[in-house]
Amino acid sequence: MLSIKWIRKNIDLMMKSMDRRGIKVDLNKLLSLDDKRRALVKETDELRHIQNIYSKEIGKLKQQSKDPDNLIKKMEDISSKIKSKREERRRVEEETKNFLFNLPNKLYPDVPDGEENIEKRRWGTTPQFDFTPKNHQQIGESLEILDFKRAARMTGSGFVLYKGLGALLERALINFMLDIHINQGYKEVLPPFMTNSNATIGTGQLPKFREELYKCEKDDYYLVPTAEVPVTNIHREEILSEDSLPIFYTAYTPCFRREAGAYGKKIQGIIRQHQFNKVELVKFTTPQTSYEELEKLLSDAEEVLKKLELPFRVVRLCGKELGFSAAFGYDIEVWIPSQENFLEISTCSNFEDFQARRASIKYRDRENNSTHYVHTLNGSGLAVGRTVVAILENFQEKDGRVLIPEALRPYMQGRKWIEKV
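Just so it is clear, the structure is predicted and the values come from calculations on it, not from any experiment.

Calculation rules
- Residues numbered from 1 in each chain as written.
- Predicted model: local features only at pLDDT ≥ 70, side-chain atom pairs only at ≥ 80, totals over all residues.
- Heavy atoms only, no water.
- Helix = DSSP H or I, 4+ residues; strand = E, 2+ residues; numbered from the N terminus.
- Rg over C-alpha atoms; globule rule 2.2 N^0.38 Å.
- Buried < 20%, exposed > 50% of the residue type's maximum accessible area, 1.4 Å probe, protein only.
- Contact = heavy atoms within 4.5 Å.
- Pairing = 2+ DSSP bridges.
- Expected span 1.5 Å × (residues − 1).
- Salt bridge = Lys/Arg side-chain N within 4 Å of Asp/Glu carboxyl O.
- Patch = residues over 30% accessible without salt bridge, like charges linked within 9 Å, V, L, I, M, F, W, Y side chains within 5 Å.
- Areas by Shrake-Rupley, 256 points an atom, 1.4 Å probe, with all protein chains shown as cover.
- Lys, Arg positive; Asp, Glu negative; His and termini not counted.
- Charge placed at Lys NZ, Arg CZ, Asp CG, Glu CD.
- Phe/Tyr/Trp six-rings, centres within 6.5 Å; stacked < 30°, edge-to-face > 60°.
- Core = buried A, V, L, I, M, F, W, Y, C linked by side-chain atoms within 4.5 Å.
- Polar contact = N/O pair within 3.5 Å; in protein donor to acceptor, adjacent residues only side chain to side chain.
- Axes fitted to C-alpha atoms, helices over the stretch in contact; angles between N-to-C directions.

Trainee: How would you sum up the overall build of the protein? Please name residues and give values.
Mentor: Helix and strand content of the protein: 13 helices and 18 strands. Taken against the 2.2 N^0.38 rule, which gives 22 Å for 421 residues, the C-alpha radius of gyration of the protein at 27 Å runs more than 25% over that of a compact globule. Expressed as lengths along the three principal axes of its C-alpha atoms, the size of the protein is roughly 105 × 50 × 40 Å. Burial statistics for the protein: of 421 residues in total, 49% are counted as buried. Of the contacts formed within the protein by residues at least 6 apart in sequence, a portion of 73% connects residues at least 24 apart.

This is how it looks when you write it as structure tokens:
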């Protein structure tokens, strides 16, 4: 959430940010609401001042044994007006808060203009096949490690049943990624897979994306769409010491998203699912170091693909592609042979103080003991299902087997091949 005070002082910059995002927002309405709130505060203070004067006068009249009824009547009228002003102010503040909750973050100056992301770098060599390569669904079904039909019978479309070496591959990747990130200095956490409304508001999923979330109605809990939600809320409503920053966390969670079906109707396989696994990286930093830490976080996520020998590229996200809460971000895109294109496998973002304001996460300055909002960052390290897709497609052999990347073999019981068993 952005500060209304900041928006008022930087209205032209904010309007430009929304334009670069391709979003139409009536910021004049927001400023009008804030003007109204400030006017109500002033009017209420003036009425309280008059109320205090009348209160003293009533006390004097009583001491002089004089009739204070006229002033008491005026006091009652003023009290009624104050109550009315307070109720109106609460309504205005609630409307302002809802407006701000649905307003995306301002853009960092380095966010590319236009509608196209800008490639930053590439790594690895795309595979060349002397046969017609299959897509991951064809490979998974022929090896009997991915079962979409049974998953659909037990749940519905947009789900998959991993079997045998497919289940082992998914589990191996989770442990492989976590071990890499722990060695990079991240602290592993295993958070709840459900969060309450306040936590989900804190990271920006609510109220904007309510329809994309799975909700447990009786308990007002939401299944996590990403580990970003519970992990960022670890320090909700806390004041951290500056000396404790930066803080790095990594976590595995399943992720649940209703939107997957809408996007995935024409996409076969496990590229878009209602339920999928992901390893997440989350950082809490000072404002002064957040962009330096973003570059490190990006490099930490890339390291997984390098160890798996999967070709990829990194792109800077333009305003129209940047997430609601992000001020700046990168996508890491892995090569998918069946699409002859790169596919997003991680988004690494700096939210600056946008989430920290919503979740009230601050730090205390060591120099003057003042408090400031932290900057929060996160990125996938990586989306596990899409990594499975990339391994199956990039390392497929003509005979139908799939070569397991050497770095992953200790996590696959020493196996060299994924094959029908």
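And the narrative resumes.
Trainee: Please set out the sheet that holds strand S7 (residues 221–223) residue by residue, giving values where relevant.
Mentor: Two orientations exist for strands paired in a sheet by backbone hydrogen bonds: parallel and antiparallel. With antiparallel pairing, three strands are arranged side by side in an open sheet as S5-S7-S6. With one partner strand each, in any of the chains shown, strand S5 (194–196) and strand S6 (215–216) form the two edges of the open sheet. Here S6 runs beside S7; their pairing, made up of two bridges, is antiparallel. Looking across to S7, one finds that Cys-216 is bridged to Tyr-221.

Trainee: Give a description of helix H3 (residues 27–63) that names residues and reports values.
Mentor: If you check H3, its first and last C-alpha atoms are 54 Å apart, about what 37 residues at 1.5 Å a residue would give, namely 54 Å. Inspection of H3 places Leu-27, Leu-30, Leu-31, Leu-33, Asp-34, Leu-40, Thr-44, Leu-47, Gln-51, Ile-58 and Leu-61 among the buried residues, and these make up the whole buried set. Ser-65 sits one or two residues past H3 and shows a positive phi near 60 degrees.

Trainee: Break down the pattern of salt bridges for me, with residues and values.
Mentor: Opposite charge on two side chains makes pairing possible when the charged atoms of those side chains draw close. Summed over the entire model, instances satisfying the criterion amount to 35 salt bridges. A salt bridge links Glu-352 to Lys-106; its shortest N-O distance comes to 3.3 Å. Taken together, the residues span a long stretch of sequence, with Glu-352 in the loop between strand S13 (341–350) and helix H12 (354–359) and Lys-106 in the loop between helix H4 (69–101) and strand S1 (118–123) at a distance of 246 residues. For the pair Glu-352 and Lys-106, a shared accessibility class is recorded, and that class is buried.

Trainee: Go over a positive patch on the surface with me, naming the residues and quoting the values.
Mentor: Among the surface-exposed residues, Lys-83, Arg-86, Arg-90 and Arg-91 lie close enough to one another that they form a single positively charged patch. Along the chain, Arg-91 falls in helix H4.

Trainee: Could you give an account of unusual backbone geometry, naming the residues involved and the relevant values?
Mentor: Following Leu-206, the chain continues into Pro-207 via a peptide bond in cis, with omega recorded as 0 degrees. Residue Gly-381 is joined to Leu-382 through a cis peptide bond whose omega torsion reads 20 degrees. Secondary-structure assignment places Leu-382 in strand S16 (residues 375–383). The backbone of Glu-309 shows a phi angle near 60 degrees, a positive value even though the residue is not glycine. In this model, Gln-413 sits at a positive phi of 60 degrees, which is unusual for a non-glycine residue. Take Gln-413: it is sitting in the loop between strand S17 (402–403) and strand S18 (417–418). The exposed category is assigned to Gln-413, whose relative accessible area is 60%.

Trainee: Hey, could you go over the packing of aromatic side chains for me, with residue numbers and the actual values?
Mentor: The geometry of an aromatic ring pair is captured by the separation of the ring centres together with the interplanar angle, meaning the angle of the planes. With the rule as written, the count across this model stands at 13 aromatic pairs. Taking 5.5 Å as the distance between ring centres and 80 degrees as the angle between the ring planes, the aromatic pair formed by Phe-176 and Tyr-411 counts as edge-to-face. Of this pair, Phe-176 sits in helix H7 (residues 165–183) while Tyr-411 sits in the loop between S17 and S18, and the two are 235 residues apart along the sequence. Between Phe-209 and Phe-324, the aromatic rings sit 5.6 Å apart at their centres with planes inclined by 90 degrees, giving edge-to-face as the arrangement. Residue Phe-209 is found in the loop between helix H8 (197–202) and S6, and its partner Phe-324 is found in the loop between strand S11 (312–316) and strand S12 (328–336); the two are separated by 115 residues along the sequence. By relative accessible area, which is 10% here, Phe-324 ends up buried.

Trainee: Could you give an account of the environment of Asp-26, with specific residues and numbers?
Mentor: Considering the arrangement of structural elements, one finds Asp-26 in the loop between helix H2 (11–21) and H3. Linking Asp-26 and Met-15, residues 11 residues apart in sequence, is a C-alpha distance of 9.1 Å.

Trainee: Lay out the pairing of S16 with the relevant residues and their values.
Mentor: Taking burial as the measure, the nine residues of S16 include nine buried ones, the bulk of the element. Pairing analysis gives three bridges linking S13 to S16, with the strands arranged antiparallel. Of the residues in S16, the one forming a bridge with Asn-350 is Leu-377.

Trainee: Report on the environment of Tyr-54, specifying residues and quantitative values.
Mentor: Turning to its location among the elements, Tyr-54 is positioned in helix H3. Exposure remark for Tyr-54: the relative accessible area of 21% places this residue in the partly exposed category. C-alpha of Tyr-54 to C-alpha of Arg-90: the two residues are 36 residues apart in sequence and 26 Å apart in space. With residues up to four places along the chain from it excluded, the contact list for Tyr-54 reads Leu-71, Lys-74, Met-75 and Ile-78.

Trainee: Break down the nonpolar core for me, with residues and values.
Mentor: Within the largest apolar cluster, 62 residues are counted, with the highest numbers of intra-cluster contacts made by Leu-169, Leu-173, Ile-332, Ile-391, Leu-392, Leu-408 and Ile-418. Looking at this core, the elements that each hand over two or more residues are H7, strand S10 (275–285), helix H11 (290–307), S11, S12, S13, S16 and helix H13 (384–394). With 10 residues, the top contributor of residues to this core is H7. Judged by nonpolar contacts, the second largest core, of 20 residues, contains Leu-30, Leu-31, Phe-101 and Leu-206.

Trainee: For the side chain of Glu-333, give the residues involved together with the corresponding values.
Mentor: Relative to the elements of secondary structure, Glu-333 occurs in strand S12. Of note is the side chain of Glu-333, whose polar atom sits 2.6 Å from the side chain of Arg-313. Excluding anything up to four places from it in sequence, Glu-333 contacts Pro-311, Phe-312, Arg-313, Val-315, Phe-342, Leu-343, Glu-344 and Ile-345.

Trainee: With reference to specific residues and values, describe the sheet that holds S16.
Mentor: In space, the eight strands of this open sheet follow the order S1-S11-S12-S13-S16-S10-S9-S4, with mixed pairing throughout. Of all the strands in the sheet, the pair left with one neighbour each is S1 and strand S4 (187–189). Each neighbouring strand pair of the sheet contributes to a mean axis angle of 25 degrees, computed without reference to strand direction. Pairing between S11 and S12: five bridges, direction antiparallel. The residue of S12 that forms the bridge with Arg-316 is Tyr-330. Its contacts with the sheet put H7 on S4, strand S9 (247–256), S10 and S16, and the angle it makes with S10 is roughly 10 degrees.

Worth remembering: the numbers are spatial, not functional.
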